[in-house]
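Chain residues, written in single-letter form:
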Amino acid sequence: MTEARKVVIVGSGPAGLTAAIYAARAQLEPLVIEGEPSSTSDQPGGQLMLTTEIENFPGFVDGIMGPELMASFRAQAARFGAEYLTAKVSRVELEERPFRLWVGDGDEPTYTAEAVIVATGARSLMLGLPEEARLLGHGVSTCATCDGFFFRDQDIMVVGGGDSALEEALFLTRFGRTVTIVHRRDQLRASKVMQERAFANEKITFRWNSLVTAINGESKVESVQLRDVTTGAEDTVPVGGLFVAIGHEPNTAVFSGQLELEDNGYIRTFGGTRTSVEGVFACGDVQDHEYRQAITAAGSGCMAAIDVERWLEAKA
Ligand code: NAP
């Protein structure tokens, strides 16, 4: 049986849940299809579920744990009537209104919606090492802006050779004693200007042609094992932090072919949160590859709910 909804929000990170708070308070009775736990990089609550302490979310003088913050967002939206479905959207059809959304593999759509907010976020690409997931938030990080502060006076390693890796490394020089960039080739992919900045920074050194083969440490990162791909030689480098900066991937698979995407796969938005389909709005990291902060995602979730409210009113 297909259930008709006014507003369906897909995704439950800071963007989706902020949209839910605003939409619920606007009496739009939103349904949040929040995802379901499937892997460490893909779960309800988004990327903050993978962090430990957050010190830069305004309003929390002493910081707050990522999962605790997301639980508060979720409860706050529920308080105003947002409903949740712990599942993944498997298919959408956005050519006609009401929009149709499927959960599971049935023929009939599970929901129709007058408006849809896409807040499915992005995930950091990871190295795929077994210790990586265990030590995420305990020395392994994917966000220097979020976690750099915790590594004051430590030796830090950054993996990757693109702009993100160099940007993270440069930022980390404010805190770390040393920053080592590990790259699998002997040439960087990053822009020349970033390369020049990194080469000029006294705290940064490079390990070329090297792969991370293991991360050591029981409760926190203690050292990282590297293999030189040209010689096969392995060595162990003591570090307190390992920042993985090998790129991000927006979670757009289910919307491809339905919404216009940027060349890099992120959803294209037009002035605020409108997408190429009228009545479908996108917010948070799924449409932002620039700022990627919980607070900016939450801000754009708020914008999406207001955009939806105005759009539904204008259409009525
Ligand atoms: P990216 O350009 O795709 O670079 C990813 C880097 O990670 C590459 O050097 C790649 O190596 C390496 N890599 C990928 N998979 C790996 C693996 N499994 N193990 C080890 N290394 C791996 O990604 P990005 O740096 O996140 O940048 C994405 C886009 O955002 C780019 O267009 C970038 O210019 C832009 N950006 C701009 C700025 C800025 O201008 N300030 C800042 C951040 C990002 P290879 O080089 O060998 O492929």
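Conventions used here
- Residues numbered from 1 in each chain as written.
- Predicted model: local features only at pLDDT ≥ 70, side-chain atom pairs only at ≥ 80, totals over all residues.
- Heavy atoms only, no water.
- Near = heavy atom within 4 Å.
- Polar contact = N/O pair within 3.5 Å; in protein donor to acceptor, adjacent residues only side chain to side chain.
- Areas by Shrake-Rupley, 256 points an atom, 1.4 Å probe, with all protein chains shown as cover.
- Nonpolar A, V, L, I, M, F, W, Y, C, P; charged D, E, K, R; others polar.
- Helix = DSSP H or I, 4+ residues; strand = E, 2+ residues; numbered from the N terminus.
- Buried < 20%, exposed > 50% of the residue type's maximum accessible area, 1.4 Å probe, protein only.
- Contact = heavy atoms within 4.5 Å.
- Pairing = 2+ DSSP bridges.
- Axes fitted to C-alpha atoms, helices over the stretch in contact; angles between N-to-C directions.
- Salt bridge = Lys/Arg side-chain N within 4 Å of Asp/Glu carboxyl O.

Quick notes on the site of the ligand
In the vicinity of the ligand lie 13 residues, with Asp 163, Ser 164, Glu 167, Arg 185 and Arg 189 positioned nearest. Asp 163 is positioned such that a nitrogen or oxygen atom in its side chain is 2.6 Å from an oxygen atom of the ligand. Contact with the protein chains covers 66% of the free accessible surface of the ligand, which is 910 Å². Broken down by class, the residue content of the shell around the ligand amounts to two nonpolar, six polar and five charged.

Examining the environment of Gly 35
Secondary-structure assignment places Gly 35 in the loop between strand S2 (31-33) and strand S3 (53-54). Given the relative accessible area of 13%, Gly 35 is considered buried. Put simply, Gly 35 and Val 10 are 25 residues apart on the chain and 7.9 Å apart in space, counted from C-alpha to C-alpha. Other than its neighbours up to four places away in sequence, Gly 35 contacts Pro 44, Leu 85, Thr 86, Ala 87 and Lys 88.

As for the sheet that holds strand S11 (residues 155-159)
Read from one edge of the open sheet, five strands run S10-S17-S11-S12-S13, paired in parallel fashion. Each end of this open sheet is capped by a strand with a single partner; those strands are strand S10 (140-141) and strand S13 (204-207). Sitting on the sheet, helix H5 (residues 163-172) touches S11, strand S12 (178-182), S13 and strand S17 (241-244), and the angle it makes with S11 is about 170°.

What about the pairing of S17?
Residues of S17 alternate between two faces, with Gly 241 and Phe 243 on one and Leu 242 and Val 244 on the opposite face, all of them buried. Alignment of S10 against S17, held across two bridges, turns out to be parallel. Bridging from a neighbouring strand, Ser 141 pairs with Phe 243 of S17. In the sheet, S11 pairs with S17 via four bridges, with the strands oriented parallel. By the bridge assignment for S17, Val 159 is matched with Val 244.

Remarks on the pattern of salt bridges
Tallied over the full model, the rule gives eleven salt bridges. A salt bridge links Arg 207 to Asp 235; its shortest N-O distance comes to 3.0 Å. On the criterion of sequence distance, the pair formed by Arg 207 in strand S13 and Asp 235 in strand S16 (residues 234-238) is long-range, its members being 28 residues apart. Since its relative accessible area comes to 26%, Arg 207 is described here as partly exposed. Take Asp 235: its relative accessible area is 30%, and that puts it in the partly exposed class. Through salt bridges with shared partners, one network takes in Glu 3, Arg 5 and Glu 83.

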